Amino acid sequence: PLCYRSWIAHAFEAGCTTLGQWLADGPQAAPRLAVLRRVGAAVRQMHDAGVAHPDLNLGNVLVRERTAEVRLIDFDRARVTHTGRDIAAVVARMQ
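Residues numbered from 1 in each chain as written. Predicted model: local features only at pLDDT ≥ 70, side-chain atom pairs only at ≥ 80, totals over all residues. Heavy atoms only, no water.

J.: Describe the pattern of salt bridges, with residues and values.
T.: Evaluation of the coordinates by the stated rule reveals 3 salt bridges. Here D48 and R44 are joined by a salt bridge, their closest N and O atoms 3.0 Å apart. Of this pair, D48 and R44 are both found in helix α2 (residues 29-48), 4 residues apart, which corresponds to roughly one turn of the helix. Neither D48 nor R44 differs from the other in exposure class; each is exposed. Its salt-bridge partner being R71, residue E69 comes within 3.4 Å of it at the nearest N-O pair. (Salt bridge = Lys/Arg side-chain N within 4 Å of Asp/Glu carboxyl O. Helix = DSSP H or I, 4+ residues; strand = E, 2+ residues; numbered from the N terminus. Buried < 20%, exposed > 50% of the residue type's maximum accessible area, 1.4 Å probe, protein only.)

Have a look at this one:
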């Protein structure tokens with residue numbers, strides 16, 4: 001479609017930056033690995049719940065700078081699915 005309707009729910013996340021910016025800032029190897037593992041766990045949890053996020057990218061993952069906690073954001077185009085087909089399409093697009 002040429003346009004779509006979305007709903008936005010947003011909570012201010014003080015002290016957060018995008019994963020892309022966080023990685024560009026050059027974190028040390030150990031914190032970088034820990035954050036990437038947290039991102040992987042969050043994506044796995046999302047997929048296990050049957051949610052496909054077609055717009056998942058480095059700008060849609062927030063990293064809390066003080067605690068290295070991660071949050072996935074921007075679910076306006078996400079779909080709930082119980083097939084692996086949508087998830088496989090997202091993974092293929094990311095490669």
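J.: Could you give me a rundown of the sheet that holds strand β3 (residues 61-64), with the residues and numbers involved?
T.: Strand order in the open sheet made by the 3 strands is β1-β3-β4, with antiparallel pairing throughout. Two strands lie at the open edges of the sheet, namely β1 (16-18) and β4 (70-72), each paired on one side alone. Neighbour-to-neighbour, the strand axes of the sheet open up by a mean angle of 30 degrees, direction not taken into account. Bridge count for β1 against β3 is 3 bridges, and the pairing is antiparallel. Following the sheet pairing, T17 is matched in β3 by V63. Strands β3 and β4 of the sheet are contacted by α2, whose axis makes an angle of about 35 degrees with β4. (Pairing = 2+ DSSP bridges. Axes fitted to C-alpha atoms, helices over the stretch in contact; angles between N-to-C directions. Contact = heavy atoms within 4.5 Å.)

J.: Help me get a handle on the pairing of β3, residues and values and all.
T.: Side chains V61 and V63 of β3 all project onto a buried face; the interleaved residues L62 and R64 project onto the opposite face, where all are buried too. Pairing between β3 and β4: 3 bridges, direction antiparallel. Within β4, the position partnered with V63 by the bridge is V70. In this structure, the hairpin formed by β3 and β4 is closed by a connection of 5 residues, where A68 is found at a positive phi of approximately 65 degrees.

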